[in-house]
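Commentary on secondary and tertiary structure
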Amino acid sequence: MKKKKVAKILAILLATAMLATGCGNGGTESSSASEAGDSGSESAAVSEESGSEEAEGGEESTPADEGGEATAGEPIKDFKTWTSVSGGDLSTLICQHSEGTDVGTVGANCLSPLLEFDNYGSLVPAVATEWGTEDEGLTWTFHLRDDIIYVDVNGNEIGKCTAQDWITSLEWILNFHKNAGLNTSMPVSTIAGAQEYYDYTKGLSEEEAKTMDNSKFLEMVGIEAPDDYTLIYHCLDKVAYFDTLATGSCLYPMPQGMIDKVGVDGVVGISNEDYWYSGPYRLTTFVPNNERVYTRNESYWDKDCTLFDTVTVKMIESGDRDDELWETGEVDHTELSTAKLTTIINDPSNQWYGNLAETRVAKFSYALLFNYFKLDKDGNPDENWNKAVANDAFRLSLYWGLDLSNIWYLTNQVNPMSLENLAYTSQNLGVFSDGKDYVNRVIELLDIPEGDGTKPRRYNQEKGEQYKQQAMEELGAEGVTFPIQIDYFIKAGDQTSLDSATIYKETFEALGTDYVNFNINTYVSSAADEVRKPQLQSFDVIGWGADFGDVSNFVNQGFYNDDAAIYSVERFNLDDVTDEHVIEQWEEYTRLGRLANAETGDKDKRLEAFAQAEAYLVNNAMVIPWNYNVKWQLTKVNDYSKMYAAYGNSDIVYKNWETSTVPYTTEDYERFKAEYEAGGK
C-alpha cells in the first residue's frame, strides 16, 4: 500500500474519531461486559480480498477516488452472520415471551408487525396500511392488509393473518400464568384495562388462567377488532406515541391456530418446525448453540423489497471468534476484537487496513445494575455485600471513583471517549420543543463538569476517595468487613471475556485493595440459570434498547413492587430487599417516575418530570451509567441501508440491506455516511 493511500485512510480514521468525540454518541448492542442478559446481536460478517487495486502510475485507486461508486462487488445472495451465545442460546422462539434482542430477532424476521421503519427511522406501513388517532391518542385505529398469510417451515400456506391474531397475542402477554409478566410494561402503562386483566389472571389458578377463553379479556381490555382487518386500541389516556409500540414485541401477532396445534403449555418451547411464519423468512434450521438458517419466505407480502435467499447465523461463544470466521470467509461481517484492531491499525500493510469502518450509532445504553439482594453459593444472603450496596457512600465511591477509560479502550482503541455515557436512558428517545435531547437535560441535572473529550467527565478521584472513607466508616460501624468482595461472572473458557474482566478488576481495585476485592468467577453455559436466578452476581453491566418511542420504556424498568419492571425483578432483586433505606429510595424513584407517566398533556412537562426522576436515580448512584458501544468493523454490509430506529425490532430485520461480495473500504463508509446525512443519493 502506497504512502499516499495510507495517509489518506489514517486521516479518515482520525477525523472519524474527532467527530465521534464531539458528538458523544454511541451504541451498538454488543456490550463491553461479559454478557447482556439473553440479548445478543445477529451481526453480519466477511472475508475475501480487500477490494483495493493498484492503478497505473504507481498510486492506489479506490472506487471512491474514481467517481463515488461503491466497492465493485455483487450483492450477496446467501448472507453469513453470527451471534454471541456466551450467556446461553435462545430460551424460546416466542418474542412475546422474551425481552432479549436475540429472541426479538427471530420474531422480527419470522413475523410481520403492524409497522416498521425505513433507514432514516420513520415509521412506514407493514401489515397496517393506514393508522392514526382522531382524539389525540385516546384511541388508535390500524387498517390491515388482507393478503398476509402464515406458512409452515416448508413454506406451505396454513392460515390467514387477521386482526384477531393481535388480540390473541395481547391476551397471551397479559395472562400472568401464560407469559409470567414478560413484555407487560408497555401495554399496562398505555392500554385501558391491561393492568386490571393482568392482576385478574394473576389471582386465578394456573389451570383457570390457561383454559379460559377470550371473553373476559375483551370485556376488560381496550382492544377490539370490528372486522378481520381493522384493529382498535383504547388507551388509558392520551398516548401520542402509541404507534411506536407497533414495532415492538408487545404488539406482534400470535395466531390461535399455532397455539391450538402445540397446546398452551407448548407455546413457549415451540420448535421452528411448528412455528407459524408471516415475515420475510422461515427459520428452516435451528441447532441450539450451533447454527440457525433463515430461508426466504416466498409468500411474504412485500414483493418489492430486497431479501437474501438464506441467512446463516453461526453461534459463537468467544468474543474474537467472529474475527476468525471473517478470515476464513465464513461470515460477512466482524466487530473487531481489541487484539485484531490493534494488529490492523499498527500495520498499514495489513490487508484489512483500508477496510476499517466504524459501526453506526445504535439504540443501546449500558449501565451498571447492582444486585441489591445477593446470595452466596449456599443460597444464604450475602450480608456483607447487601449492607455495602445499600450504603449511598459506597455506591457513590464507585460512581465518582471508577475511571472507565481503560474499559472503553477495550472496545474502541481509535476513539474510546465515544463510548462515554452519563445518563441511564439512550439518546434520541425524547426531544424538547426547543430541540434539546432528553439525555442532555438529564446531564444538566447531574453534578458533572463539562469535558474536553480527552478524559471521562464523571471521574473524580478526590470525590471517590472522600466517599470511600465515608463508606468505610459507616459500614465498619455496621459490622461490614473489608475488603468488600465483588463477584463478577464470565463464561468459562472465553478469553475475550477474561481479558475484559481483568481490566474490570484493575479498574475496581484501583480504589484500593483495602476497600474492594474483585473476584472473576465463571459459569459453564447459562448466565441466567447459573448466576442471575441464584442471585450470585454483585452487579451486571447491561445494555437496554427501547421498545417504543418514549423514555418511560427506560425509566419504568426500575419501578419498585412492579412485576412489569424487568430490571427490578430480574437484576436489582428488589422484591427480596428488606433494608428500609433501599426501599425508601426506590419508592421515591417510582413515585417520581409515575408522576412523569401521568403527565400526558404537555410534552415538555412530561420529559422534564422524567428527567427529574432519572437524575434522582443517577445522582444517588442507584445505577451507574456505563457506556455506549461504538466499534470498528470489517464488513460487506452498508449499515446506512438498514432499517434504523431508536426503539423497536425493525433494525434487526434482514431486509433491504445493501451488500457487496467484496468488503467495503474505509472510504466507502465515509461516502455512505455523507450520502445518508445529505438525505440519500
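Presented here is a report on the structure given in the accompanying data block. Owing to the predicted nature of the structure, the values given are computational and were not obtained by experimental measurement. (Residues numbered from 1 in each chain as written. Predicted model: local features only at pLDDT ≥ 70, side-chain atom pairs only at ≥ 80, totals over all residues. Heavy atoms only, no water.)

**Some words on unusual backbone geometry**
Between Phe-482 and the following residue, Pro-483, the backbone shows a cis peptide bond with an omega angle of 0°. Within the fold, Pro-483 resides in the loop between helix H16 (461–477) and strand E19 (484–491). Even without a glycine there, the phi angle at Asn-573 is positive, about 55°. Assessed through its relative accessible area of 6%, Asn-573 is described here as buried. One non-glycine residue, Ala-621, lies in positive phi territory at about 50°. Position of Ala-621 among the secondary structure elements: in the loop between helix H22 (603–619) and strand E22 (623–627). (Helix = DSSP H or I, 4+ residues; strand = E, 2+ residues; numbered from the N terminus. Buried < 20%, exposed > 50% of the residue type's maximum accessible area, 1.4 Å probe, protein only.)

**With respect to the nonpolar core**
Counting 92 residues, the largest nonpolar core has Tyr-372, Phe-394, Phe-508, Trp-586 and Trp-626 as the members making the most contacts within it. With residues near it in sequence (within four places) discarded, Trp-586 still touches Tyr-372, Gly-558, Tyr-560, Phe-572, Leu-574, Leu-617, Met-622 and Val-623. (Core = buried A, V, L, I, M, F, W, Y, C linked by side-chain atoms within 4.5 Å. Contact = heavy atoms within 4.5 Å.)

**Overview of helix H23 (residues 666–677)**
Across its 12 residues, H23 extends 17 Å between first and last C-alpha, which sits within 8% of the 16 Å expected from 1.5 Å per residue. At the C-terminal side of H23, Gly-679 shows a positive phi close to 100°. (Expected span 1.5 Å × (residues − 1).)

**Considering the sheet that holds strand E7 (residues 128–132)**
The strand order across the open sheet formed by 4 strands is E7-E8-E12-E11, and the pairing between neighbours is antiparallel. Here the strands that pair on one side only, and so sit at the sheet edges, are E7 and strand E11 (223–227). Strand after strand, the sheet turns through a mean of 20° between neighbouring axes, direction not considered. Alignment of strand E8 (residues 139–144) against strand E12 (residues 230–234), held across 5 bridges, turns out to be antiparallel. Bridged to Thr-141 within E12 is Ile-232. Running over the sheet, helix H3 (residues 164–174) touches E8, E11 and E12 and is turned about 160° from E11. (Pairing = 2+ DSSP bridges. Axes fitted to C-alpha atoms, helices over the stretch in contact; angles between N-to-C directions.)

**A word on the pattern of salt bridges**
Any two side chains of opposite charge can pair, on the condition that their charged atoms come close. Per the counting criterion, the structure on display carries 34 salt bridges. Taking the shortest distance from any N to any O, the salt bridge between Glu-136 and Lys-238 comes out at 2.8 Å. Residue Glu-136 is found in the loop between E7 and E8, and its partner Lys-238 is found in the loop between E12 and helix H9 (256–262); the two are separated by 102 residues along the sequence. For Glu-136, a relative accessible area of 57% puts it in the exposed group. Lys-238 gets classed as partly exposed once you look at its relative accessible area, which sits at 34%. One salt bridge in this structure joins Arg-441 and Glu-608, with 2.8 Å as the shortest N-O distance. In this pair, Arg-441 is assigned in helix H15 (residues 438–444) and Glu-608 in helix H22, connecting sequence segments 167 residues apart. Salt bridges sharing partners connect three or more residues here, namely Lys-436, Arg-441, Glu-444 and Glu-608. (Salt bridge = Lys/Arg side-chain N within 4 Å of Asp/Glu carboxyl O.)

**As for the packing of aromatic side chains**
To describe a pair of aromatic rings, you give the distance between the ring centres and the angle between the ring planes. The final tally for this structure, using the stated rule, is 48 aromatic pairs. Aromatic rings pair up to connect Phe-370, Tyr-372, Tyr-424, Trp-544, Phe-554, Phe-559, Tyr-567, Phe-572, Trp-586 and Tyr-589 into one cluster. For the cation-ring pair, Lys-202 lies above Phe-176, with the distance from its terminal atom to the ring centre recorded as 5.4 Å. In this structure, Lys-463 is placed above the aromatic ring of Trp-400, and the distance from its NZ or CZ to the ring centre is 3.9 Å. (Phe/Tyr/Trp six-rings, centres within 6.5 Å; stacked < 30°, edge-to-face > 60°. Lys NZ or Arg CZ within 6 Å of the ring centre and 35° of its normal.)

**Examining the side chain of Thr-312**
When you line up the elements, Thr-312 lands in strand E15 (residues 310–316). Not counting residues within four places of it along the chain, the set of residues in contact with Thr-312 comprises Phe-79, Lys-80, Thr-81, Glu-291, Arg-292 and Val-293.

**As for a negative patch on the surface**
Taken together, the side chains of Glu-473, Glu-474, Glu-478, Asp-579, Glu-580, Glu-584 and Glu-587 define an acidic patch exposed on the protein surface. Going through the elements one at a time, H16 and helix H21 (580–598) are the ones with two or more residues in the negative patch. At 3 residues, the largest contribution of residues to the negative patch is made by H21. Exposure remark for Glu-584: the relative accessible area of 49% places this residue in the partly exposed category. (Patch = residues over 30% accessible without salt bridge, like charges linked within 9 Å, V, L, I, M, F, W, Y side chains within 5 Å. Areas by Shrake-Rupley, 256 points an atom, 1.4 Å probe, with all protein chains shown as cover. Lys, Arg positive; Asp, Glu negative; His and termini not counted. Charge placed at Lys NZ, Arg CZ, Asp CG, Glu CD.)

**As for the sheet that holds E22**
If you trace the 3 strands from one edge of the open sheet to the other, you get E21-E18-E22, paired in antiparallel fashion. Each edge of the open sheet carries a strand with a single partner, namely strand E21 (539–544) and E22. The sheet shows a mean angle of 30° between the axes of neighbouring strands, taken without regard to direction. Two strands pair when backbone bridges link them, and strand E18 (residues 365–370) and E21 are joined in this way by 6 bridges, in the antiparallel orientation. Paired with Tyr-366 across the two strands is Gly-543, which belongs to E21.

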